[in-house]
Amino acid sequence: MGEPDVAIDPDLEVAYVSGQGRPTWPGLLADFAARSDVVAASPEMRTGLAYGPHPRQRFDVAPAIGAARGSLVYLHAGYWQMRDRTPFRFLAPRFAVQGFDVILADYPLAPEATVAEITQAVRALVPAVRAEAAARYGAALPIVATGHSAGGHLAMELALTDPSVWGLDAGPIAAVVALSGVFDLEPLIATSLNRKLGLTPASARAASPVWRATGARVPALVVVGGGETPAFVAQSRRMVAAWAAGGARAELAIVDGADHFSLLAELATPGSAI
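What counts and what doesn't
- Residues numbered from 1 in each chain as written.
- Predicted model: local features only at pLDDT ≥ 70, side-chain atom pairs only at ≥ 80, totals over all residues.
- Heavy atoms only, no water.
- Phe/Tyr/Trp six-rings, centres within 6.5 Å; stacked < 30°, edge-to-face > 60°.
- Helix = DSSP H or I, 4+ residues; strand = E, 2+ residues; numbered from the N terminus.
- Buried < 20%, exposed > 50% of the residue type's maximum accessible area, 1.4 Å probe, protein only.
- Lys NZ or Arg CZ within 6 Å of the ring centre and 35° of its normal.
- Pairing = 2+ DSSP bridges.
- Axes fitted to C-alpha atoms, helices over the stretch in contact; angles between N-to-C directions.
- Contact = heavy atoms within 4.5 Å.
- 1 Å grid on protein atoms, 1.4 Å probe; cavity = no way out; pocket = protein on both sides within 12 Å on 5 of 7 lines; lining within 4 Å.
- Points joined across faces, edges and corners; volume = space filled by probe spheres on them.
- Nonpolar A, V, L, I, M, F, W, Y, C, P; charged D, E, K, R; others polar.

What follows is about the packing of aromatic side chains. Inspection of every chain in the model, using the stated rule, returns 6 aromatic pairs. When the ring of Trp25 is compared with that of Phe261, the centres are 4.8 Å apart and the planes differ by 85°; the resulting orientation is edge-to-face. With Trp25 in helix H2 (residues 25-40) and Phe261 in the loop between strand S8 (250-255) and helix H10 (262-267), this pair connects stretches of sequence that are 236 residues apart. Assigned by exposure class, Trp25 and Phe261 land together as buried. Both rings, one in Phe32 and one in Phe90, keep their centres 4.3 Å apart while their planes meet at 20°; by these two values the pair is stacked. Of this pair, Phe32 sits in helix H2 while Phe90 is found in the loop between strand S3 (70-75) and helix H3 (92-96), placing the two residues 58 residues apart along the sequence. Judged by relative accessible area, which is 0%, Phe32 ranks as buried. Its relative accessible area of 5% is what places Phe90 among the buried residues. Here Arg205 stacks its cationic end above the ring of Trp211, 3.7 Å away from the centre of that ring. When the ring centre of Trp211 is taken as origin, the NZ or CZ atom of Arg238, which lies over that ring, is 5.4 Å away.

Printed below as a string of structure tokens:
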């Protein structure tokens, strides 16, 4: 069977797909991959650990340098339907040196899984990360949920998850950092992305953390590139406003001139705006 037909809104297609692309991306992503290969070859790096039965429920750990003060979970981009963690391993040293165990995770992809199923699969990462830290240090560490694009959405979902889902009284997520995220999925229904996502108005609303953010209890940093489309900047602004509406700390950082992927180069650079 082929992909289902989707009625494309040309303005939304530009806002969320074609308008985001940059001719610099192939070279930038190749550089990310080369730098990530060096990180993966480090003897301290642990790769391919399982956090669930699905073949894509796998994660890597780059251990903290010095005393560990937290676990930083990083969830990759790809509109819930492409990419994996491997080209983004280059980010790990920047945070390991700050005392974080850096966890880079994959997750099931559409169309095999819906966004709701992907979100549920990623929740299984939390007990695995806590167990990994407990085995290494004797106790679980606070978790900073971090992600880029689709990963930013998933990081927000982890931060909004009721801790009882994990059998805990207190939330294990201490903070969330979401970069270039999509937090209201309804605009994606009328884009080519929906050929694999299969969103409906009801499922898009249910999968959109912007509508549930007033229940947030942890601080959030939302980051977006100033060179991204106005739709992406607006998504980040809305997410910060919704997060803060419930009384939780929320901060928006718009990085001048950065696009969807050059933003990650900023993230990995000491002394950058992020």
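Once that is clear, we can look at the sheet that holds strand S2 (residues 58-62). With mixed pairing, 8 strands are arranged side by side in an open sheet as S1-S2-S4-S3-S5-S6-S7-S8. Either end of the sheet is taken by a strand with one partner, and the two such strands are strand S1 (46-50) and S8. Between one strand axis and the next, the sheet turns by 20° as a mean value, whatever way the strands run. Looking at chain direction, S1 and S2 are connected through 3 bridges and run antiparallel.

Tracing the backbone shows Ala128 in helix H5 (residues 125-137). The class of Ala128 is buried, set by a relative accessible area of 17%. Through-space distance from the C-alpha of Ala128 to that of Leu179 is 23 Å; in sequence the pair is 51 residues apart. Setting aside residues no more than four positions away along its own chain, Ala128 makes contact with Tyr51 and Phe59.

If you add up the space inside the largest pocket, you get close to 530 Å³. In this structure, the largest pocket is lined by 24 residues; those nearest its centre are Phe95, Gln98, Val177, Leu221 and Ile274. Mapped by element, the contributors of at least two residues to the lining of the largest pocket are H3, strand S5 (143-148), strand S6 (173-179), strand S7 (220-225), S8 and H10. Quantified by volume, the second largest pocket comes out at close to 200 Å³. As for the second largest pocket, its lining consists of 14 residues, and the residues nearest its centre are Trp25, Tyr79, Arg83, His260 and Phe261. Its residues assigned to classes, the lining of the second largest pocket shows 8 nonpolar, 5 polar and 1 charged.

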